[in-house]
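Remarks on the overall topology
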Amino acid sequence: MSTIRLHQHTTVTPEQFVAAITDFGPGRQKIFGNSADADLRVHALGATTADVTEGSGGIWERLSYDWSDVRRVTMRTTDSNVWGGESGHTYTLTPLTDGTTDIDVVVVRDGKNLKGRTLGFLFRFAGRSFLGKALAGTVAAVEARVASDR
């Protein structure tokens, strides 16, 4: 099992960030590069929860989203072709007095088969770099989206 911790700063508020990462409509792949629009399936969507299958490149996971606390978004893996056990993502958002936000992310990858265990092992060495670039891309996409909405 691999646990990767990431940190990023953004110019948007926690509410703006959460609104963008919990928008399961077309264009989601602009926010999450590893979530192809063609592979997105929304099974259930509530006011602060969702049951969604997403992925790309032959890797998918079904996630139970909870954003009932705007400062904490959890995405727990409930099914996947490679991830199991304790896999998931947790975003903790800390608003700052200047209107910006610090984002702390914990990604847990627990491989459930040979492919998952191999990827999980590789994440121990390259996961921080790979997921750090993905998080930076997500933050940039959210900031661009918020700026275009103004």
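Our subject in this report is the structure included herewith. What you see is a predicted model, and the numbers here were worked out from it, not measured in a lab.

1. Details of the nonpolar core
Counting residues in hydrophobic clusters, the biggest one holds 30 residues, and the most contacted among them are Phe-17, Ile-21, Tyr-65, Met-75 and Tyr-91. Where this core is concerned, the elements lending two or more residues are strand 1 (2–10), helix 1 (14–21), strand 3 (49–56), strand 4 (59–69), strand 5 (72–80), strand 6 (88–95), strand 7 (101–109) and helix 3 (114–149). At seven residues, the largest contribution of residues to this core is made by helix 3. Ignoring anything within four residues of it in the chain, the contact list for Ile-21 reads Arg-28, Ile-31, Phe-32, Tyr-65, Val-73, Met-75, Tyr-91 and Thr-138.

2. Section: the pairing of strand 3
In this structure, strand 2 (residues 41–45) lies alongside strand 3, joined through four bridges in antiparallel fashion. Bridged to Val-42 within strand 3 is Val-52. Two successive antiparallel strands, strand 2 and strand 3, enclose a turn made up of three residues. In terms of strand pairing, strand 3 meets strand 4 through eight bridges, oriented antiparallel. Of the residues in strand 4, the one forming a bridge with Thr-49 is Asp-66.

3. A closer look at the environment of Phe-17
Inspection of the secondary structure assignment puts Phe-17 in helix 1. Phe-17 sits 108 residues away from Phe-125 along the chain, and the two C-alpha atoms are 28 Å apart. Other than its neighbours up to four places away in sequence, Phe-17 contacts Val-12, Tyr-91, Leu-93, Ile-103, Thr-138, Val-139 and Val-142.

Basis of the calculations
- Residues numbered from 1 in each chain as written.
- Predicted model: local features only at pLDDT ≥ 70, side-chain atom pairs only at ≥ 80, totals over all residues.
- Heavy atoms only, no water.
- Core = buried A, V, L, I, M, F, W, Y, C linked by side-chain atoms within 4.5 Å.
- Buried < 20%, exposed > 50% of the residue type's maximum accessible area, 1.4 Å probe, protein only.
- Helix = DSSP H or I, 4+ residues; strand = E, 2+ residues; numbered from the N terminus.
- Contact = heavy atoms within 4.5 Å.
- Pairing = 2+ DSSP bridges.

Just geometry here; none of it tells us what the structure is for.
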